[in-house]
Amino acid sequence: MFTKSTLALALAAALSTPLLLAPAAYAADPAPATASAAETGKSMPAEQFEASLKFQHGKITLPNNIATLDLPPTFRYLPPEDTERVLVDAWGNPPGAKTLGMLFPSDVNPLSPTSWGVIITYNEDGHVKDDDADSIKYDELLKDMQESTQAGNEERKKLGYDAMTLVGWAESPRYDKARHKFYWAKELAVEKDSRHSLNYNIRVLGRKGVLVLNAVAGMNQISQVKTGMKDVVAFTDFTKGNGYSDFDGSTDKVAEYGLAALVAGGVAAKLGFFGKLLALLLVAKKLVLVGLVAIGGAVAKLFGRKKKDADSTQA
């Protein structure tokens with residue numbers, strides 16, 4: 001059974017990844033189709049920005065040689081440098097996201113308001129034991145997660161964000177014991193918006209950690225994302241020596257949590273409340289961005305306000 005004490009160690013998804021915002025699929029008044037370079041203040045047409053991205057195809061080895069992607073023609077990979085450009089300059093995120101890159105469907109324009117991509121990160125918290133695979137009560141786990149999401153809404157509102165509700169499973173968690181791959185999807189709702197968000201999660205368990213693949217879209221895209229993420233599960237794997245069966249109990253660290261905590265989020269407790277808040281924003285990122293150009297909306301105002309406060313203190 002998934003207990004409250006376990007939940008204290010795992011409250012939100014992919015916390016090694018900072019706040020990530022997708023294009024404003026739900027914005028009432030989308031910004032002009034330009035990509036902004038935050039550091040220089042310059043901008044370029046969306047078509048030119050997309051053309052400058054160095055997409056890769058076929059067999060990809062991720063940074064640090066941790067895993068491989070054997071891409072079919074329907075997917076393409078964007079390395080970390082260009083992923084940073086998309087996340088920051090085009091999607092309006094603060095800089096510094098430590099990713100292993102992104103995956104995009106080959107027919108998806110990253111700057112399209114309806115685009116979706118898969119952000120790849122890696123959590124090296126230790127070897128995750130899957131002994132609890134058959135004993136997890138997902139209905140109880142969902143209830144605990146819903147209560148935790150609700151409990152965080154007061155603080156979210158204090159920081160200027162709308163309340164969030166975890167509606168339920170968009171796809172119930174399922175663990176592939178043979179390949180040590182875990183996936184599930186959540187439906188989320190944000191106050192004052194009738195359109196719900198889809199958060200689709202894949203975790204690939206390895207020798208020393210977990211490969212994290214997160215995709216976020218609107219619930220109206222669930223069929224498209226569900227089909228695409230099944231392909232992602234199939235073509236993603238660890239490199240030789242880093243797989244789950246390569247675990248060496250005499251030398252390798254064991255994670256402090258199991259499969260249930262992966263669903264609830266992993267290592268949230270280490271980051272404090274703000275880290276938990278960012279993770280909650282991550283799962284609904286299409287609902288919080290209000291424009292395509294960077295430095296817009298509530299998130300930019302929040303970070304801008306922090307900078308002004310710091311400048312005032314130094315002065």
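The preceding data block contains the structure.
These remarks concern the structure in this document. (Residues numbered from 1 in each chain as written. Predicted model: local features only at pLDDT ≥ 70, side-chain atom pairs only at ≥ 80, totals over all residues. Heavy atoms only, no water.)

## Overview of the overall build of the chain
- Counting its secondary structure elements, the chain contains 10 helices and 12 strands.
- Across the 315 residues in the chain, those meeting the buried criterion constitute 54%.
- For the chain, the exposed surface amounts to about 14100 Å²; the carbon and sulfur share of it is 52%. (Helix = DSSP H or I, 4+ residues; strand = E, 2+ residues; numbered from the N terminus. Buried < 20%, exposed > 50% of the residue type's maximum accessible area, 1.4 Å probe, protein only. Areas by Shrake-Rupley, 256 points an atom, 1.4 Å probe, with all protein chains shown as cover.)

## So, the sheet that holds strand E8 (residues 164–176)
- With antiparallel pairing, 7 strands are arranged side by side in an open sheet as E5-E6-E7-E11-E10-E9-E8. At either end of the open sheet lies a strand with only one pairing partner, and these are strand E5 (75–78) and E8. For this sheet the average axis-to-axis angle between neighbouring strands, irrespective of direction, equals 20°.
- Alignment of strand E9 (residues 181–190) against strand E10 (residues 197–205), held across 8 bridges, turns out to be antiparallel. Looking at the pairing, glutamate 187 lines up with leucine 198 of E10.
- In the packing of helix H6 (residues 222–235) onto the sheet, the strands contacted are E5, strand E6 (102–105), strand E7 (118–123), E8, E9, E10 and strand E11 (210–218), and the crossing angle to E10 comes to about 10°. (Pairing = 2+ DSSP bridges. Axes fitted to C-alpha atoms, helices over the stretch in contact; angles between N-to-C directions. Contact = heavy atoms within 4.5 Å.)

## Remarks on the side chain of asparagine 214
- Tracing the backbone shows asparagine 214 in strand E11.
- For asparagine 214, the side chain forms a polar contact with the side chain of arginine 203, separated by 3.1 Å. (Polar contact = N/O pair within 3.5 Å; in protein donor to acceptor, adjacent residues only side chain to side chain.)

## Some remarks on the sheet that holds strand E3 (residues 59–61)
- Judged by pairing direction, the sheet is antiparallel, and its 3 strands sit side by side in the order E3-E4-E12 without closing on themselves. Of all strands in the sheet, those bounded by a partner on one side alone are E3 and strand E12 (236–238). Sheet twist, expressed as the mean angle between neighbouring strand axes with direction ignored, is 20°.
- Sheet topology note: the strand E4 (residues 67–70)/E12 ladder contains 3 bridges and is antiparallel. By the bridge assignment for E12, threonine 68 is matched with aspartate 237.

## Brief notes about unusual backbone geometry
- Even without a glycine there, the phi angle at asparagine 64 is positive, about 70°.
- Relative to the helices and strands, asparagine 64 is located in the loop between E3 and E4.
- When its relative accessible area of 74% is taken as the criterion, asparagine 64 is described as exposed.

## Things to note about the environment of isoleucine 222
- Secondary-structure assignment places isoleucine 222 in helix H6.
- Sequence separation between isoleucine 222 and serine 197 is 25 residues, and the spatial gap between their C-alpha atoms is 9.5 Å.
- In contact with isoleucine 222, other than residues within four places in its own chain, are Ala170 and Leu198.

## A look at the pattern of salt bridges
- Tallying each qualifying case throughout the model produces 6 salt bridges.
- With a closest N to O distance of 2.6 Å, aspartate 252 and arginine 207 form a salt bridge. Within this pair, whereas aspartate 252 is found in the loop between E12 and helix H7 (259–264), its partner arginine 207 is found in the loop between E10 and E11, the two being separated by 45 residues in sequence. Taken as a pair, aspartate 252 and arginine 207 share a single burial class, namely buried. (Salt bridge = Lys/Arg side-chain N within 4 Å of Asp/Glu carboxyl O.)

## Details of the pairing of E9
- When you tally the buried positions in E9, you get 10 out of 10 residues, the bulk of the element.
- Residues Lys181, Tyr183, Ala185, Glu187 and Ala189 point to one face of E9 and Phe182, Trp184, Lys186, Leu188 and Val190 to the other, with burial holding for every one of them.
- Direction of pairing for E8 relative to E9: antiparallel, over a ladder of 9 bridges. Each bridged residue has a counterpart across the sheet, and for tyrosine 175 the counterpart in E9 is phenylalanine 182.
- Two successive antiparallel strands, E8 and E9, enclose a turn made up of 4 residues, where histidine 180 displays a positive phi of approximately 55°.
- Where E9 folds back on E10, the antiparallel hairpin that results is connected by 6 residues, among which lysine 192 adopts a positive phi of roughly 75°.

## A closer look at the packing of aromatic side chains
- Under the criterion given, the structure shown has 6 aromatic pairs.
- Between phenylalanine 75 and tryptophan 116, the ring centres sit 6.5 Å apart and the planes meet at 80°, which makes this aromatic pair edge-to-face. Residue phenylalanine 75 is located in strand E5, and its partner tryptophan 116 is located in the loop between E6 and E7; the two are separated by 41 residues in the primary sequence. An identical accessibility class is assigned to phenylalanine 75 and tryptophan 116; each is buried.
- Aromatic pair tyrosine 122 and phenylalanine 238: ring centres 6.3 Å apart, planes at 70°, arrangement edge-to-face. One end of the pair, tyrosine 122, is in strand E7; the other, phenylalanine 238, is in strand E12, with 116 residues separating them in the sequence. (Phe/Tyr/Trp six-rings, centres within 6.5 Å; stacked < 30°, edge-to-face > 60°.)

## With respect to the environment of phenylalanine 49
- Inspection of the secondary structure assignment puts phenylalanine 49 in helix H2 (residues 46–52).
- Measuring from C-alpha to C-alpha, the distance between phenylalanine 49 and alanine 90 comes to 8.6 Å, with 41 residues separating the pair along the chain.

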